[in-house]
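Fold and geometry: a report
As a plain string of letters, each chain reads:
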Amino acid sequence: MSKFKKKKGGDLPAISTASLPDIVFMLLFFFMVATVMRQNTLKIENRLPAADQVEKLAKRNLLMYIYAGKPSSAYKDMGTVARIQLNDKFADVSEIAAFIAAERASKREEEVPFLTTVLSVDKETNMGLVSDIKQELRKVNALKINYKTRQGDALASLNQ
Amino acid sequence: MAKRSAPEVNAGSMADIAFLLLIFFLVTTTIEIDSGLNRKLPPIEETEPPIIKQRNIFQLTVNGKNQLLLKANGNDGKIIELKDLRKEAVAFLDNGGGTGEDACKRCKGKRNPSSSDNFDKAIISLQNDRFTSYETYIAVQNEIIAAYNELRNREFVADYPNLNMSYVEAEKKYNDARTTPEEKAFLKDKLEAIKLLIPQKFSEAEPRKSN
C-alpha cells in the first residue's frame, strides 16, 4: 500500500541554514563589543618608533594623549614642520597646559594622581618639539609620561 | 472583503545583512592594547642640584646627527655605537668600585676605581640636541631601560630562584588584571626590594640649542 511506501533513498535532505543568521549575529556582537574605535582622528603622520622594553598601558580612561608629527597629506596647507595635535585639532605648545587642566577636570579627583600622559610621536620628529612638550608638562606637574611605541627591535628598525 | 493573512517576511537576506555588518566590524577592530616606555619627568625645583662625583655619572650625549658620545669610566669621551650602549651601561652600573660603606657586595663588575661605586650611586645622564631624531632617542631610552632590566633580572633570579621567573616577567604578572590580589601582594614586596636595590637613577638635561 502506498501509505507504507518506503521513502526514496539517495538524495540527502538540504542542510537548514536557518541558524546561520544567529551564528553570524553572535560573531557580530563579539566584534562590536571588542572594537575600540579611535578616539581622535589623526591629522598628522604617526608612525611610532619600535622598542622592546615596553610596558602595557593600563586603564584607558586614565590616559591623556598628545600626538605630534608632520601634518598628513590631507593637511598639506599646515606646512611640513612637525606639529602637536590635541584632541581633534592642531595646537601650539602653549595650549598643553590648558589641555592637561581640562583633562584633569573631567576626571574624578581621586583618579588625578594616576593620570598618565601618552606621547604618541612620529619617529621622524626632532627632539626639540618633544622637549618643549616635556618642559610644558613639567610646568603643570604632569610628571608620569609614556612614550608610545610599537613592539619591535629598536636597533634593527633604526638601521633600515 | 476577504481577510488576507499578512504575508510572511522573507528572512533569507538577514544573513547577508549580518555578514555585511560583521565584515565592517572585523575591519575596524583594533584589539591591540597600547604599549610604550614609562618614564617619570623630574619636578621643577629651585634647589641647587647635589654635587655628584664624576665617576658616578654615565654621561651620554646624543648630537643632532644622532651620534652618541659617552663620557664615563674616567675617559674624556668616546663615540660609541648604539648597539654597544647596553653593554657599556651594564658594565658601568655593575662596576662596584666603591670601598668602605660604599662597597657593593652584589656587583659583579671590574671594580674599576674610576667608575661607579654601587647600584645606588650610579647615575645615567642623557643629553640630547634639539635636532636629535625621536626614533634615536627612543632607541637610547630603550637600551638604558634594557640595561637596568638585565641587572634587575639577574638579582631577582638570584634572590628568588624558586619563583622561576625574571623581574620583567614578575612585573608583567603584577600588572596583569587577571592576577589575584594574593599573588599581587606576594609579588609586590619582592619587586619593591629589587627596585630599591637597583634604582633607576636617570637624569635628563635640557637639550642644547645648536647653532
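Residues numbered from 1 in each chain as written. Chains lettered and ligands numbered in written order. Predicted model: local features only at pLDDT ≥ 70, side-chain atom pairs only at ≥ 80, totals over all residues.

1. Section: the overall build of chain B
Rule in force here: Secondary structure elements are defined from DSSP: runs of H or I of at least 4 residues count as helices, runs of E of at least 2 residues count as strands, and each element is numbered from the N terminus. The atom set for the radius of gyration is the C-alpha atoms, and the globule formula is 2.2 Å times the number of residues raised to the power 0.38. The exposure label follows from counting other C-beta atoms within 10 Å of a residue's C-beta, where the C-beta atoms are placed from the backbone and the thresholds are 20 or more for buried and 12 or fewer for exposed, leaving partly exposed in between. Note on contacts: residues are paired as contacts if their backbone-placed C-beta atoms lie within 7 Å.
When helices and strands are tallied, chain B shows 5 helices and 6 strands. Going from the N terminus to the C terminus, chain B shows its helices and strands as α-β-β-β-β-α-β-α-α-α-β. Relative to the 2.2 N^0.38 estimate, which gives 17 Å for 211 residues, the radius of gyration of chain B is 27 Å and therefore markedly larger than a compact globule would have. Residue burial in chain B is summarised as follows: out of 211 residues, 27% are buried. In chain B, 55% of the contacts between residues at least 6 apart in sequence involve partners at least 24 apart.

2. Points about the overall build of chain A
Helix and strand counts for chain A stand at 4 helices and 7 strands. Secondary structure elements in chain A, listed N-terminal to C-terminal, are α-β-β-β-β-β-α-β-α-β-α. What you see for chain A is a C-alpha radius of gyration of 26 Å, clearly larger than the 15 Å of a compact globule of 160 residues, by over 25%. Taken along the three principal axes of its C-alpha coordinates, chain A extends 100 × 45 × 35 Å. Counting the 160 residues in chain A, one finds 24% classified as buried. Counting only contacts in chain A whose residues sit at least 6 apart along the sequence, the fraction spanning at least 24 positions is 77%.

3. Some thoughts on the sheet that holds strand β2 (residues 57–62) of chain B
Residues and elements named next belong to chain B. Note the cut-off: Two strands are counted as paired when DSSP detects at least two bridges linking them. Fitted lines through C-alpha atoms give the axes, limited to the stretch in contact for helices. The angle between two N-to-C directions lies from 0 to 180 degrees.
With mixed pairing, the 5 strands of this open sheet are ordered in space as β4-β3-β2-β5-β6. The open sheet has two edge strands, β4 (78–80) and β6 (202–204), and neither has a second partner. Pairwise comparison of adjacent strand axes, ignoring direction, gives a mean angle of 25° for this sheet.

4. Describing the nonpolar core
Short version of the rule: Note on terminology: a nonpolar core is a set of buried residues of type Ala, Val, Leu, Ile, Met, Phe, Trp, Tyr or Cys, with members joined through C-beta atoms within 7 Å.
One finds A:Ile66, A:Ala68, B:Phe58, B:Ala89, B:Leu93, B:Ile138 and B:Ile144 to be the most contacted residues of the largest nonpolar core, which totals 54 residues. With residues up to four places along the chain from it excluded, the contact list for B:Leu93 reads B:Ser116, B:Phe119, B:Ala122, B:Ala147 and B:Leu151.

5. Some points on the interface of chain A and chain B
Inclusion rule: Polarity classes work like this: nonpolar for Ala, Val, Leu, Ile, Met, Phe, Trp, Tyr, Cys and Pro, charged for Asp, Glu, Lys and Arg, and polar for all others, with Gly in that last group.
Listed by partner, the interface residues are 47 residues for chain A and 45 residues for chain B. Along the lines of polarity and charge, the residues of the side of chain A that touches chain B split into 27 nonpolar, 10 polar and 10 charged. With 6 bridges connecting them, strand β7 (residues 144–151) of chain A and strand β1 (residues 35–40) of chain B associate as antiparallel partners. Paired with A:Thr149 across the two strands is B:Ser35, which belongs to β1(B).

6. A short note on the confidence of the model for chain A
Where we set the bar: The quantity called pLDDT is the predictor's confidence in a given residue, expressed from 0 to 100.
Overall, the prediction assigns chain A a mean pLDDT of 84, with 91% of residues at 70 or greater. Ranking the elements of chain A by mean pLDDT puts helix α4 (residues 154–158) of chain A last, at 76, and helix α2 (residues 96–106) of chain A first, at 91.

7. Focus: the packing of helix α4 (residues 167–175) of chain B against helix α5 (residues 181–197) of chain B
Residue and element names in this part refer to chain B. Defined as follows: Oblique is the label for every angle not falling under 35 degrees (roughly parallel), over 145 degrees (roughly antiparallel), or within 65 to 115 degrees (roughly perpendicular). When the near helix sits turned anticlockwise from the far one by under a right angle, the crossing is termed left-handed; a clockwise turn instead gives a right-handed crossing.
The interhelical angle for the contact between α4 and α5, taken along N-to-C directions, is 135°, at an axis separation of 10 Å. Relative to α5, α4 is oriented oblique. Helix-helix and strand crossings are classified by hand; for α4 and α5 the assignment is left-handed. Residues Tyr167, Ala170, Glu171, Lys173 and Tyr174 of α4 lie in contact with α5, whose contacting residues are Lys184, Leu187, Lys188, Lys190, Leu191 and Ile194. Taken together, the residues of the contact of α4 with α5 sort by class into 6 nonpolar, no polar and 5 charged.

8. Topic: the pairing of β2(B)
Side-chain positions along a regular strand alternate between the two faces of the sheet. Residues and elements named next belong to chain B. Every second residue of β2 is oriented toward a common face, the buried set being Phe58, Leu60 and Val62 and the non-buried set Ile57, Gln59 and Thr61. By the bridge criterion, 6 bridges tie β2 to strand β5 (residues 123–128) in an arrangement that is parallel. If you follow Ile57 over to β5, its bridge partner there is Ile123. One ladder, built from 4 bridges, connects β2 with strand β3 (residues 68–71); its direction is antiparallel. Bridged to Leu60 within β3 is Leu70. The antiparallel pairing of β2 with β3 creates a hairpin that spans 5 residues between the two strands, and Asn66 there sits at a positive phi of about 65°.

9. Topic: the packing of helix α1 (residues 20–34) of chain A against helix α1 (residues 14–28) of chain B
Here α1(A) crosses α1(B) at 20°, and the two axes come no closer than 9 Å. Judged by the angle between their axes, α1(A) and α1(B) are roughly parallel. Crossing hand, α1(A) versus α1(B): left-handed. Along the contact surface, α1(A) presents A:Leu20, A:Pro21, A:Val24, A:Phe25, A:Leu27, A:Leu28, A:Phe31 and A:Met32, while α1(B) presents B:Met14, B:Ala15, B:Ala18, B:Phe19, B:Leu21, B:Leu22, B:Phe25 and B:Leu26. For the contact of α1(A) with α1(B), a count of residues per class yields 16 nonpolar, no polar and no charged.

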